[in-house]
Amino acid sequence: MKTKHTLLNYFGLLLVFCLSGSAMAQNAEIIGSVKDELGALPGANIIVKGTTNGTNTDFDGHFNITNVNPGELTLVVSYIGYKTQEVEVVARTNEPVNIGDIALSSGNELDQIVIQGNNLPNQQKALNIKKNSIAIMEVLASDAIGKLPDRNAAEAVQRVSGVSIERDHGEGRYVIVRGTPIAWNSTLMNGDRMPSTEGTSDNTGGTRSAPLDIFPSEMIKYVQLSKAITPDMEGDAIGGSVNFITKTAPSKKTLNVNLGYGYNNQAQKPIQSGSLVYGDRVANGKIGFLVSGTYWNRNWGTDNYELVYNQDNQAINNLQLRDYLGARTTTGLNTGLEFKPNDNNTLYLRSLYTNFKDEESAVEHIFNFEDSDMDVRVRHGIVDINMHGIEFGGDHKFNNGKFNLDWKLSTYSAEMGNKKVKGSDANTDAYLMATFSAPVTYNNLTSDGYKFLDIDSPAGYIGDHYDNIQPYLDAPVTADQLFLNNKMAYPAFSLEDDYTAKLDLTYNANDKLKLKVGGKFKRMNLERGTPYTYSLYLGNNYGAPIAMSDFETRTFPYRGGYLSEIGSPYDNVLVENTMRLDQIDNLFNDEMDANPLFYNIKFDENNPSSAGSFYSGYEQVMAGYAMADYDLTNKLKVIGGVRYEHTNLEYKGHSVVTDADDNTTIEKVKNNNDFGSLLPMVHLKYQAQDNLNVKFAYTRTMARANFSELNPTETISLLTTPNTISRGNIKLEPTYSNNFDLIGEYFFDNVGILSGGAFYKALENVIYKGRSFQTINGNLFQVTQPQNSETGWLAGFELGLSKRLTFLPGILGGLGVEANYTFADSEMEVPMYNTNESTGEVEVTTTTEKIPSQSKHIFNASLFYEKGPLSFRLAGNYKDASLAMVQGNPENYRWYGKNLTVDFTASANLTKNMKVYVELNNLTNEPLRYYQGVSERPEQTEYYSIRGLFGINYQIF
């Protein structure tokens with residue numbers, strides 16, 4: 001209650017300031033926009049000459065200056081890379097003056113660089129916004145995104161200083177800021193957190209992170225990365241806040257067509273892409289609209305090998321050789337409608353729809369060394385994700401711009417599920433799997449039947465190198481030796497519906513002080529889990545055996561070979577002819593489903609296979625903030641304020657208990673919790689020179705627990721020794737962080753920047769997956785449950801350089817370099833569990849470990865050329881190893897290996913409005929690696945090969 005009273009008092013003081021300031025202020029206002037020949041210029045600096053009164057243009061190039069003294073005056077307009085311009089204006093009391101468009105021209109040093117269609121104007125936009133912002137942020141403009149070989153939102157952001165990404169089958173999926181865990185980074189769309197579609201209830205799903213491979217980059221107008229947030233932003237952002245601003249009504253008539261065709265070398269199949277953007281302004285510019293459509297179809301392939309280890313002695317339990325083929329299709333539609341009846345009022349309506357469809361098939365050879373058998377598993381299915389939403393809002397100015405009111409109502413929904421593949425005979429929408437098995441004899445095992453890598457080999461045994469782990473079969477296995485062992489239809493499901501209302505009020509008290517207050521309400525409903533599964537276990541007890549050779553087969557491997565990157569070491573053990581993947585549907589017809597041994601398990605709260613995998617819930621967040629933007633001197637500016645967020649949680653699930661006699665009981669479970677978060681923030685900006693900024697920020701931010709960590713479902717087993725309990729934890733506190741950021745920025749006159757800074761995050765309540773031992777009713781239980789650690793920290797520094805080498809002679813003057821490096825280190829406390837060999841008791845000690853998903857080194861570098869009609873860019877992105885999962889003791893921890901990807905893009909302007917381009921990704925065929933303990937003990941290794949796209953972009957008007 002004390003916190004709420006403090007917040008109300010804060011709002012009250014601000015209201016007093018507002019009322020007192022209105023009596024003293026002048027009432028003249030100047031409205032206008034800044035453009036060049038290509039369009040709006042965001043981040044332009046406009047100041048009344050001889051005063052400190054001024055402002056910056058918004059993302060659409062518009063500005064308004066309030067509290068202007070009436071009379072004749074001069075506006076000074078400046079922009080990096082452009083000639084400074086002065087504009088004469090006559091300001092009148094109580095009468096806004098709209099001076100229209102101010103057109104700027106490029107500086108002499110850049111005259112020889114043809115900016116039409118090149119990266120220069122986009123870099124200018126980004127650097128001007130960065131230079132004039134008090135907050136510590138990075139910006140990407142839409143055309144800049146088009147200059148990189150990046151086709152989804154995650155890959156577009158990876159070039160920004162301090163940013164790296166995690167990939168799925170070679171495509172970027174999640175954004176990571178400064179090496180922090182994915183869950184600590186907030187992904188926003190037009191200022192609101194994007195809904196998530198991560199749908200399983202185990203430790204790999206149920207996250208708050210939105211997979212960005214479903215979101216095509218063509219829909220993006222700007223990307224705004226805030227490394228230190230301000231009070232008017234959502235507080236759930238320890239690492240940073242990435243805000244994707246979608247395209248809306250243009251300033252002039254626009255029609256753009258982009259067509260591309262390419263090839264994926266691993267799949268040996270084509271890639272197609274196309275987009276269309278049309279927009280205009282009518283009714284004397286009062287109504288603007290935009291329609292943007294995107295289609296992107298890409299075939300993909302992955303060669304993968306995985307290992308599962310015995311956690312006690314590091315022996316290899318099984319080796320899995322996986323060959324994937326798939327096709328991903330992204331379809332998107334973005335619309336924007338704007339109504340501007342006058343200079344002081346704007347209404348807008350935005351909508352977005354995107355569908356991501358991933359048809360995946362795989363053939364897996366699984367060598368089970370401890371069981372002396374071999375499996376060949378085939379699978380085929382489609383993951384279908386839909387995200388759609390609509391926003392309705394307005395921007396209103398009162399009292400000659402002294403008051404500004406912004407409001408927005410929005411709803412977004414994201415749903416993930418499975419679909420039948422085209423032509424399937426299966427009677428279920430599910431991911432289909434079938435396993436064929438055969439007994440085999442493995443050689444080169446230890447005397448007690450174990451297999452090891454060379455780094456773990458016991459005395460007298462020679463193990464295998466990690467890139468050539470052989471099963472050493474007595475003889476090759478053929479399709480007629482493999483018999484159907486089991487089949488499964490596995491549908492996953494998730495749904496999230498978000499409803500948001502927000503209101504912001506800004507008061508321009510005078511030319512030095514701006515006050516802002518606002519509030520936000522968000523209601524989120526979600527469902528996660530597996531509502532039903534189909535399973536059939538045959539073994540040797542189901543009538544006549546069904547051999548893989550009973551189905552239509554194909555030569556294997558089918559396309560692209562298998563692990564040619566490491567010399568194709570498995571050609572002698574792969575089954576030469578495997579079941580055609582479209583034949584798996586024949587295993588799920590009515591005749592098979594009618595068999596009494598087939599278990600049709602639908603979602604049923606009385607069925608343990610279903611009840612333990614499904615949960616639902618709702619969250620409600622009410623937030624309010626107050627902040628002040630004040631110019632302490634001509635060179636020193638400050639933003640100070642506080643944000644308060646109150647969160648209510650309610651989750652429903654089931655308690656599934658299996659007793660010592662293998663009897664199962666199920667009970668409904670409902671848990672709830674609520675908590676408040678007070679988040680103070682201060683930003684300082686000192687402009688030592690016109691082109692030199694020093695910025696400092698203190699912010700307090702948070703990261704809420706993932707959905708799956710709050711899941712109330714618990715699974716209890718009295719069959720095991722010790723007994724086990726696995727459950728979520730609704731009482732988890734958010735992870736909090738007190739963040740300190742310091743950065744210096746030097747801006748070159750010929751469009752570039754040199755920057756450097758340091759950051760420190762003092763962490764509280766870091767969430768991790770904990771395991772403890774508890775005695776309940778006289779029985780020892782091993783309890784697996786997410787928990788909060790006490791403290792932790794993350795610190796580091798970052799350096800950045802973007803420089804055009806215009807001093808070089810002739811054509812070499814078009815060269816430029818971009819590079820940024822981030823170093824980060826961290827520490828958190830986690831428990832360790834060891835069994836005392838003499839007493840059998842479990843001893844718990846505490847150790848310090850790296851924060852999961854935190855990389856020590858992140859590096860981006862580009863060599864680019866832009867002059868005349870030609871441009872190219874060679875870009876590299878490096879991410880150091882990071883802890884992926886704390887499991888058991890340190891030698892069992894799962895790590896995400898270091899990764900360096902290299903991409904290339906080039907374009908040529910055929911005419912003023914038409915260009916051709918080529919994009920090449922993953923030139924070095926960099927693998928994805930997970931390993932256990934040390935890099936020489938791999939858990940998962942994937943290769944994707946190179947992919948490329950050739951296209952044409954035509955700006956019709």
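Note that this is a predicted model, so its numbers are computed, not measured.

**A few points about the overall build of the chain**
Along the chain, the regular secondary structure elements total 7 helices and 52 strands. In the chain, the proportion of contacts linking residues at least 24 apart, taken out of those at least 6 apart, comes to 71%. A total accessible area of about 37600 Å² is found for the chain, and carbon and sulfur atoms account for 53% of it.

**Quick notes on helix α2 (residues 120–132)**
Given a rise of 1.5 Å per residue, 13 residues ought to cover 18 Å, and the 18 Å separating the end C-alpha atoms of α2 matches this to within 8%. A large share of α2 lies buried, amounting to 13 of its 13 residues.

**Concerning the pairing of strand β10 (residues 163–168)**
Within a regular strand, the side chains alternate between the two sheet faces. Within β10, 5 of the 6 residues are buried, which leaves it mostly tucked inside the rest of the structure. Sheet topology places β10 next to strand β11 (residues 171–177); 6 bridges connect them, and they run antiparallel. Following the sheet pairing, Val163 is matched in β11 by Val177. Two successive antiparallel strands, β10 and β11, enclose a turn made up of 2 residues, where His169 displays a positive phi of approximately 50 degrees.

**As for the sheet that holds strand β13 (residues 192–193)**
Spatial ordering of the open sheet is given by β9-β14-β15-β12-β13, a layout of 5 strands whose pairing is mixed. Whereas interior strands pair on both sides, the edge strands pair on one side only; in this sheet they are β9 (137–141) and β13. Pairing of β9 with strand β14 (residues 220–226) involves 5 bridges; the strand directions are antiparallel. Bridge assignment links Met137 to a residue of β14, and that residue is Ser226. Each of β9 and β14 is contacted by α2, which is oriented at about 155 degrees to β9, the strand it contacts most.

**Let's talk about the packing of aromatic side chains**
What the rule picks out here adds up to 19 aromatic pairs. Ring centres of Tyr746 and Phe748 lie 5.4 Å apart, and the angle between their planes is 80 degrees; on these two criteria the pair is classed as edge-to-face. Linked through ring pairs, Tyr450, Phe452 and Tyr461 together constitute an aromatic cluster. Taking NZ or CZ as reference, Arg298 lies 3.6 Å from the ring centre of Trp296, over its face.

**Observations concerning unusual backbone geometry**
Glycine aside, the phi torsion of most residues is negative, and most peptide linkages are trans. The peptide bond linking Phe556 to Pro557 adopts the cis configuration, its omega dihedral lying at -5 degrees. Residues other than glycine seldom take positive phi values, yet Asn67 does so here, at roughly 60 degrees. Turning to its location among the elements, Asn67 is positioned in strand β5 (residues 62–68). Phi angles above zero are rare outside glycine, and Ala283 is one such case at about 55 degrees. Within the secondary structure layout, Ala283 lies in the loop between β17 (269–282) and β18 (287–309). With a relative accessible area of 44%, Ala283 lands in the partly exposed category.

**Observations concerning the nonpolar core**
Formed by 42 residues in total, the largest nonpolar core has its most connected members in Leu321, Phe367, Met374, Phe436 and Tyr570. Of all the secondary structure elements, the ones that give two or more residues to this core are β18, β19 (316–342), β20 (345–368), β21 (373–398), β23 (431–439) and β24 (483–490). Of the residues forming this core, the biggest block, 4 residues, is contributed by β23. Leu225, Val242, Ala414 and Ala492 belong to the second-largest nonpolar core, a separate cluster that totals 28 residues.

**A short note on the environment of Ser789**
Secondary-structure assignment places Ser789 in the loop between β40 (779–788) and β41 (791–804). Apart from the residues within four sequence positions on either side, Ser789 is in contact with Asn765, Val766, Tyr768, Met828 and Glu829.

**Describing the pattern of salt bridges**
Summed over all chains, the structure comprises 45 salt bridges. Note that Lys35 is salt-bridged to Asp101, the shortest N-O span being 3.4 Å. Of this pair, Lys35 sits in strand β1 (residues 28–36) while Asp101 sits in strand β8 (residues 97–103), and the two are 66 residues apart along the sequence. Its salt-bridge partner being Lys408, residue Glu391 comes within 3.8 Å of it at the nearest N-O pair. Of this pair, Glu391 sits in strand β21 while Lys408 sits in strand β22 (residues 403–419); the two residues are 17 residues apart in sequence, bridging distant segments of the chain. Per residue, the accessibility class of Glu391 equals that of Lys408, and both read buried. Each of Lys130, Glu138, Arg178, Lys227, Lys695, Asp741, Glu745 and Glu798 takes part in one network of salt bridges that share partners.

**Focus: a nonpolar patch on the surface**
On the surface, a cluster of nonpolar side chains totalling about 510 Å² of accessible area is made up of Tyr686, Val694, Phe696, Phe740, Leu742 and Tyr760. For the nonpolar patch, the secondary structure elements donating two or more residues are β34 (692–703) and β37 (735–748). Checked against the element boundaries, Leu742 lands in strand β37. Owing to a relative accessible area of 47%, Leu742 belongs among the partly exposed residues under this scheme.

**A look at the confidence of the model for the chain**
Considering every residue of the chain, the mean pLDDT works out to 84; 88% of them sit at 70 or more. Confidence scores differ between elements of the chain, with strand β30 (residues 599–601) showing the lowest mean pLDDT of 41 and β34 the highest of 96. The low-confidence segment residues 113–117 (pLDDT under 50) makes 15 contacts with residues lying over four places distant or belonging to another chain.

**Observations concerning the pairing of β1**
For β1, the tally of buried residues reaches 9 of 9 residues, placing the bulk of the element in the interior. Of the two faces of β1, the one carrying Ala28, Ile30, Gly32, Val34 and Asp36 and the one carrying Glu29, Ile31, Ser33 and Lys35 are both buried. Where β1 lies against β5, 5 bridges are found, and the strand directions are antiparallel. Across the sheet, Ile30 pairs through a bridge with Ile65, a residue of β5. Across 5 bridges, the pairing between β1 and β8 is parallel. Its bridge partner lying in β8, Ile31 is registered against Asn98. In the sheet, β1 pairs with strand β2 (residues 39–40) via 2 bridges, with the strands oriented antiparallel. In the strand pairing of β2, Lys35 is matched with Ala40.

**Considering the environment of Lys253**
Locating Lys253 in the fold gives a position in the loop between β15 (240–246) and β16 (254–264). For Lys253, a relative accessible area of 40% puts it in the partly exposed group. Excluding its chain neighbours within four sequence positions, the residues that come into contact with Lys253 are Tyr278, Gly279, Asp280 and Phe957.

**A word on the sheet that holds strand β3 (residues 45–48)**
Strand order in the open sheet made by the 4 strands is β4-β3-β6-β7, with antiparallel pairing throughout. Strands with a single pairing partner mark the edges of an open sheet, and in this sheet they are β4 (54–56) and β7 (85–91). With direction set aside, neighbouring strand axes in the sheet form an average angle of 20 degrees. Bridge count for β3 against strand β6 (residues 71–78) is 4 bridges, and the pairing is antiparallel. Bridging across to β6, Val48 finds its partner in Leu75.

So, how was this worked out
Residues numbered from 1 in each chain as written. Predicted model: local features only at pLDDT ≥ 70, side-chain atom pairs only at ≥ 80, totals over all residues. Heavy atoms only, no water. Helix = DSSP H or I, 4+ residues; strand = E, 2+ residues; numbered from the N terminus. Contact = heavy atoms within 4.5 Å. Areas by Shrake-Rupley, 256 points an atom, 1.4 Å probe, with all protein chains shown as cover. Expected span 1.5 Å × (residues − 1). Buried < 20%, exposed > 50% of the residue type's maximum accessible area, 1.4 Å probe, protein only. Pairing = 2+ DSSP bridges. Axes fitted to C-alpha atoms, helices over the stretch in contact; angles between N-to-C directions. Phe/Tyr/Trp six-rings, centres within 6.5 Å; stacked < 30°, edge-to-face > 60°. Lys NZ or Arg CZ within 6 Å of the ring centre and 35° of its normal. Core = buried A, V, L, I, M, F, W, Y, C linked by side-chain atoms within 4.5 Å. Salt bridge = Lys/Arg side-chain N within 4 Å of Asp/Glu carboxyl O. Patch = residues over 30% accessible without salt bridge, like charges linked within 9 Å, V, L, I, M, F, W, Y side chains within 5 Å. pLDDT = per-residue confidence, 0-100.

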